[in-house]
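Overview (structure and organization)
The chain contents come next:
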Amino acid sequence: MATAAESGEAASPSLLALHLLETLLTRDGSWGVTELAEALGLPKARVHRHLSNLKQAGYLSQDNEARRYQAGWRLVLLGQRIGAHSRLVTLARPVMTRLRDDIGQTIVLSQLTDQGVTVTEVLQGGSPIDVILHVGTQFGYNSTAQGKVALAFASDEQRAVWSEHAQEQRTPETVTDEKVLWRQVKEVREQGWAAAPEETYRGVNALSAPVLGHDGKIACTLAIISSIHYLPDPPPPSMVDALVEAAAELSGALGFER
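To start, this report covers the structure provided alongside it. Note that the coordinates shown come from a computational prediction; the quantities given were computed from them, not determined experimentally.

**Observations regarding unusual backbone geometry**
Here the residue pair D233 and P234 is connected by a cis peptide bond, since its omega of 5° sits within 30 degrees of zero. Along the chain, the position of P234 falls in the loop between β8 (218-227) and α9 (237-253). Phi at E198 takes a positive value of approximately 60°, unusual for a residue other than glycine. Tracing the sequence through the fold places E198 in the loop between β6 (194-195) and β7 (204-212).

In structure tokens form, the structure reads like this:
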């Protein structure tokens, strides 16, 4: 295994911390400072400093008697979230592919966080005017069809947090009036889907529907993103039906039962 110094990671504290965690997870059990320093090819004092910082942040824990390090609660939680994310994308991809092939437009899976709507997976549509979003892109809850769906199907606790990120204005058409927004959110809840014509980008429309988990709570959103030329306002009923059906299929894959 290449040492941190050999790979150039010794010059970057953040990369060194990641490399340290990666090394620690290469085997079961705990590590001593000397063992990690030797594995990384770095001075013991420097490794100890990083271990202390990671322990303080909750990424590592330490046996009080043996003074050895192992994964902490935050690292375990991070691993669980990565596993859940991977499972979600694995389950969603075939559903997204069928929807994309059916309508020929870009399909987007988004997760809902305390920072905003986050693009998780994108399948390019292949139409003459294609809209592509990058994985990791974030939007406010008021400026996207996905965000309106999230607010419509959120629990009271989720809605309270997500509402704090519902003041973004991306175009002149973005809904920033609270009364208008919450009226639309109520309509979305009743009809089961949302649209956002030119509210996120000029010339672009979006349709979104909720994906529910086994507990009945909203887990993520599925959306069709397209030029308003191909996805007009109001949207074609055939597109709405295809999206809602695909979202229901993915909800079933996540364990939701109607």
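**Regarding the packing of helix α2 (residues 13-24) against helix α3 (residues 33-40)**
Relative orientation of the contacting elements α2 and α3 amounts to 110°, with a least axis distance of 11 Å. The angle between α2 and α3 falls in the class roughly perpendicular. Once α2 is placed against α3, the crossing between them reads as right-handed. Contacts between α2 and α3 involve L16, H19, L20, T23 and L24 on the former and, on the latter, L36, A39 and L40. Each residue belonging to the contact of α2 with α3 can be placed in one class, and the counts come to six nonpolar, two polar and no charged.

**Side note on the pattern of salt bridges**
Applying the stated criterion across every chain yields a total of nine salt bridges. We note a salt bridge from R27 to E35, for which the minimum N-O separation is 3.3 Å. The exposure class assigned to E35 is partly exposed, which follows from its relative accessible area of 29%. Three or more residues joined by partner-sharing salt bridges are found here, namely R27, E35 and R68.

**Digging into the pairing of β7**
Here is the key point about a regular strand: its side chains alternate between the two faces of the sheet. Among the nine residues that make up β7, nine are buried, leaving the element largely enclosed by the rest of the structure. Pairing geometry for β6 and β7, over two bridges, is antiparallel. Looking at the pairing, A195 lines up with L207 of β7. Across nine bridges, β7 lies against β8 in antiparallel orientation. Paired with N205 across the bridge in β8 is S226.

**Comments concerning the sheet that holds strand β3 (residues 106-113)**
The six strands lie next to each other as β5-β4-β3-β8-β7-β6, forming an open sheet whose pairing is antiparallel. Each edge of the open sheet is held by one strand with a lone partner, namely β5 (138-139) and β6. Along the sheet face, helix α6 (residues 145-153) touches β3, β4 (116-123), β6, β7 and β8 and points at about 30° away from the line of β7. Along the sheet face, α9 touches β3, β7 and β8 and points at about 30° away from the line of β7.

**A look at the pairing of β8**
Along β8, nine of the ten residues are buried, which leaves the element largely enclosed by surrounding structure. In this sheet, β8 lies alongside β3 in antiparallel orientation, the contact comprising five bridges. By the bridge assignment for β8, T106 is matched with I225. Between the end of β7 and the start of β8, which pair antiparallel, lie five residues, with G216 showing a positive phi angle near 85°.

**Notes on the packing of α6 against helix α8 (residues 178-191)**
For any two helices packed against each other, the geometry comes down to the angle between their axes and how far apart the axes lie. It is the contact of α6 with α8, at a shortest axis distance of 8 Å, that shows an interaxial angle of 75°. When the interaxial angle is binned, α6 and α8 end up roughly perpendicular. Here K148, V149, L151, A152 and F153 of α6 lie close against α8, whose contacting residues are L181, W182, Q184, V185, V188 and R189. Looking at the contact of α6 with α8, its residues break down into eight nonpolar, one polar and two charged.

**Side note on α9**
Counted at 1.5 Å a residue, the expected span for α9 with its 17 residues is 24 Å, and the 24 Å between its end C-alpha atoms agrees. Where α9 terminates, the next one or two residues include G255, which has phi positive at roughly 100°.

**Here's the deal with the environment of A166**
Positionally, A166 belongs in the loop between α7 (156-162) and α8. Along the chain, A166 and N142 lie 24 residues apart, while their C-alpha atoms are 4.6 Å from each other. Excluding anything up to four places from it in sequence, A166 contacts Y141, N142 and L181.

**Some details on the packing of aromatic side chains**
Applying the stated criterion across every chain, the model contains two aromatic pairs. With 6.1 Å between their ring centres and 85° between their planes, F139 and Y201 make a pair best called edge-to-face. In this pair, F139 is assigned in strand β5 and Y201 in the loop between β6 and β7, connecting sequence segments 62 residues apart. Y201 gets classed as partly exposed once you look at its relative accessible area, which sits at 31%. Taken together, a centroid distance of 5.1 Å and an interplanar angle of 10° make the contact between Y141 and W162 stacked. Of this pair, Y141 sits in the loop between β5 and α6 while W162 sits in helix α7, placing them 21 residues apart in sequence. Residues Y141 and W162 agree in their burial class; the two are buried.

Analysis parameters
Residues numbered from 1 in each chain as written. Predicted model: local features only at pLDDT ≥ 70, side-chain atom pairs only at ≥ 80, totals over all residues. Heavy atoms only, no water. Helix = DSSP H or I, 4+ residues; strand = E, 2+ residues; numbered from the N terminus. Axes fitted to C-alpha atoms, helices over the stretch in contact; angles between N-to-C directions. Parallel < 35°, antiparallel > 145°, perpendicular 65-115°, else oblique. Left-handed = near helix turned anticlockwise from the far one by under 90°. Contact = heavy atoms within 4.5 Å. Nonpolar A, V, L, I, M, F, W, Y, C, P; charged D, E, K, R; others polar. Salt bridge = Lys/Arg side-chain N within 4 Å of Asp/Glu carboxyl O. Buried < 20%, exposed > 50% of the residue type's maximum accessible area, 1.4 Å probe, protein only. Pairing = 2+ DSSP bridges. Expected span 1.5 Å × (residues − 1). Phe/Tyr/Trp six-rings, centres within 6.5 Å; stacked < 30°, edge-to-face > 60°.

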